[in-house]
There are 2 protein chains.
Amino acid sequence: MSQSKTSATGQFVRRLLLRSALTAEEQDALLDLPGRVLQVGRGHQLVVPGNPVDHATLLIDGLLGRYDQMVDGSRQITTLHIPGDMSDLHSVPLPVPAWGIEALAPSTVMQVPHQAVRALAAAFPPILMAFWRDTVTDASILAKWTANLGRADAAARLAHLICEIGVRLEVAGLGRRERFALPLTQGHMADILGITSVHVNRTLMGLRQSNGLLVSGGFVETEDWRGLAKLAGFDPEYLLLENVYAD
Amino acid sequence: MSQSKTSATGQFVRRLLLRSALTAEEQDALLDLPGRVLQVGRGHQLVVPGNPVDHATLLIDGLLGRYDQMVDGSRQITTLHIPGDMSDLHSVPLPVPAWGIEALAPSTVMQVPHQAVRALAAAFPPILMAFWRDTVTDASILAKWTANLGRADAAARLAHLICEIGVRLEVAGLGRRERFALPLTQGHMADILGITSVHVNRTLMGLRQSNGLLVSGGFVETEDWRGLAKLAGFDPEYLLLENVYAD
DNA sequence: CGTTCGATTGATGTTCTTCAATATGCGTGG
DNA sequence: CCACGCATATTGAAGAACATCAATCGAACG
């Protein structure tokens, strides 16, 4: 399993390198991060709201959602994590779990002790900077979702979700934006988009009519990606992919 | 104006100390952060979407909003900043402005060169850690807003806004949660809550009836704070105020 | 004293929810 | 291989929440 650990941390390092310059030594230190590899089924709760955590969760394969539970029992997924994402890196500086993390699809994760992450950050300030930058990136995506939930209608939100995930998967080398695997149920999409699953279904049908968007069986395919992006008002700038910032 | 600079950075240091332990030396270094103090009127654009920035904006007095502009011209305010907040600390690691920052009320700010912030972070790793933690705090608030926009109705969202700002101002020593200044127009509130100003007006009237909430003339006053918090599903945990984490 | 911005009100339309029913696919045990 | 059970998807009808459009009101300010 040392093999799979290295490839797991390798994905994570690749993600960090998108936005931060790291020396070979720093990269090696990250690759050697320890952790327990875990396979979990759909619906498994990796972080339960209220229970303190002492490890961060690196997604190797599958799909994770960070969610907030409302008092009435409904919930809102605020962040979607694809392989290579350290889904709660933010729990390292502040291990207070005001949220939950759930496997939205069968997933493989590596649980990395906070202690190890902190030790690395302390030993290599550029790594700490890279972690900060990673958190900023997540926050930028979150801000975009806030804007969409506040001001875009269901069709635009759904289209935006498809565009964003497509581009993120493409950047991570996990598919093409025009066609990729997305193992979400319509109920999950509802919790992401802030609507009901009934309305997800109707909105999907509408987008199939108008834009030839196919979403079924855990796969997404679109004939008219540009049209979809236009409808969504999708501009990838907020994904902060354009530049590498050394420091 | 050296006086006002010190008091400005002092507020910021106090905010950092809520969640991070810093030595006297580190605190002094933060207090000495250089910057240009600026007074701006309501509606002034401090950061224009698309224009790169080379300084961070520390709010001394007033109210700032970070917003995202939609293609149809509407906008969504994603983050509200009160005095003592460094409104775009996140621009230090990633100076890509995919958003705008506007003075929602007449405000006094201090513009701190990124260079100075970076130098401090490089010289004092605990300060870098404190910055990261500050970004995580902002992201936690943002996640809560994402959840509210997705799953709470207009009355609950409005009540939540009032509760959150009240508590944040109280913690910053700028008022009591039951009564405080909030120089927002109903149009601003609409852009925060993701509804129209007409509906803000009606929702405010509803909350005045049901909870004795008074919002007018830039002031907020409530006779039944607990009732308001209950209606909002407000739990201050996400503000991450409970603990101090050393590192 | 007029102008302007924000607050308030009314009438009407749209989007999305809710409730309920039915359909479909897929794994499991027989 | 088939029947069953369960989760997910699909559809319809009715209602609630919120938007839109348009007008009026009020207060601050030059």
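Residues numbered from 1 in each chain as written. Chains lettered and ligands numbered in written order. Predicted model: local features only at pLDDT ≥ 70, side-chain atom pairs only at ≥ 80, totals over all residues. Heavy atoms only, no water.

Student: I keep staring at the protein's contact with DNA strand C and nothing clicks. Help me out?
Tutor: Around DNA strand C, the surrounding shell holds 15 residues, and the nearest of these are A:Ile195, B:Gln186, B:Asn201, B:Arg202 and B:Met205. When atoms of DNA strand C within 4 Å of the protein are split into backbone and base, the sugar-phosphate part holds 64%. One of the backbone N or O atoms of A:Ala154 is found 3.0 Å from a phosphate oxygen in DNA strand C. A distance of 3.1 Å is found between a phosphate oxygen of DNA strand C and a side-chain nitrogen or oxygen belonging to A:His199. By residue number, the principal contributor to the surface near DNA strand C is helix H7 (residues 197–211) of chain B, which donates 4 residues. (Near = heavy atom within 4 Å. Polar contact = N/O pair within 3.5 Å; in protein donor to acceptor, adjacent residues only side chain to side chain. Helix = DSSP H or I, 4+ residues; strand = E, 2+ residues; numbered from the N terminus.)

Student: Can you help me understand the relation of the copies chain B and chain A in this one?
Tutor: The two chain copies are related to each other by a rotation about an axis together with a translation along it. Rotating chain B by 180 degrees about the axis while translating it 0.0 Å along that axis superimposes it on chain A, leaving an RMSD of 0.0 Å. Both copies of the chain, as the preceding transformation shows, are related through a two-fold rotation axis. Most of the interface of chain B is mirrored in chain A, where 100% of its interface residues are also at the interface. (Least-squares fit on C-alpha atoms with pLDDT ≥ 70 in both. Contact = heavy atoms within 4.5 Å.)

Student: Whenever I open this one, the pairing of strand E3 (residues 55–61) of chain B confuses me. Can you help?
Tutor: Two faces belong to every sheet, and in a regular strand the side chains alternate between them. All names here are of chain B. When you tally the buried positions in E3, you get 6 out of 7 residues, the bulk of the element. Relative to strand E7 (residues 107–113), E3 runs antiparallel, the two sharing 6 bridges. Bridged to Ala56 within E7 is Val112. (Buried < 20%, exposed > 50% of the residue type's maximum accessible area, 1.4 Å probe, protein only. Pairing = 2+ DSSP bridges.)

Student: Whenever I open this one, unusual backbone geometry confuses me. Can you help?
Tutor: Generally, phi is negative for residues other than glycine and the peptide bonds are trans, each holding for most cases. At A:Leu240, a residue that is not glycine, the phi angle is positive and equals roughly 55 degrees. Since its relative accessible area comes to 4%, A:Leu240 is described here as buried.

Student: What is the right way to read the packing of aromatic side chains from this model?
Tutor: For any pair of aromatic rings, the description rests on two quantities: the centre-to-centre distance and the angle between the ring planes. According to the stated counting rule, one finds 8 aromatic pairs over all chains in the structure shown. Arranged with centres 5.8 Å apart and planes meeting at 40 degrees, the rings of A:Trp132 and B:Phe131 form a pair that is tilted. With one member in each of two chains, A:Trp132 in helix H4 (residues 125–151) and B:Phe131 in helix H4 (residues 125–151) form a pair that bridges those chains. A:Trp132 sits in the buried class, given a relative accessible area of 0%. Looking at B:Phe131, the relative accessible area reads 0%, which means it is buried. Taking 6.1 Å as the distance between ring centres and 85 degrees as the angle between the ring planes, the aromatic pair formed by B:Phe234 and B:Tyr238 counts as edge-to-face. The exposure classification of B:Phe234 matches that of B:Tyr238, with both residues buried. The ring of A:Trp99 has A:Arg66 sitting right over it, with the charged end atom 4.3 Å from the ring centre. (Phe/Tyr/Trp six-rings, centres within 6.5 Å; stacked < 30°, edge-to-face > 60°. Lys NZ or Arg CZ within 6 Å of the ring centre and 35° of its normal.)

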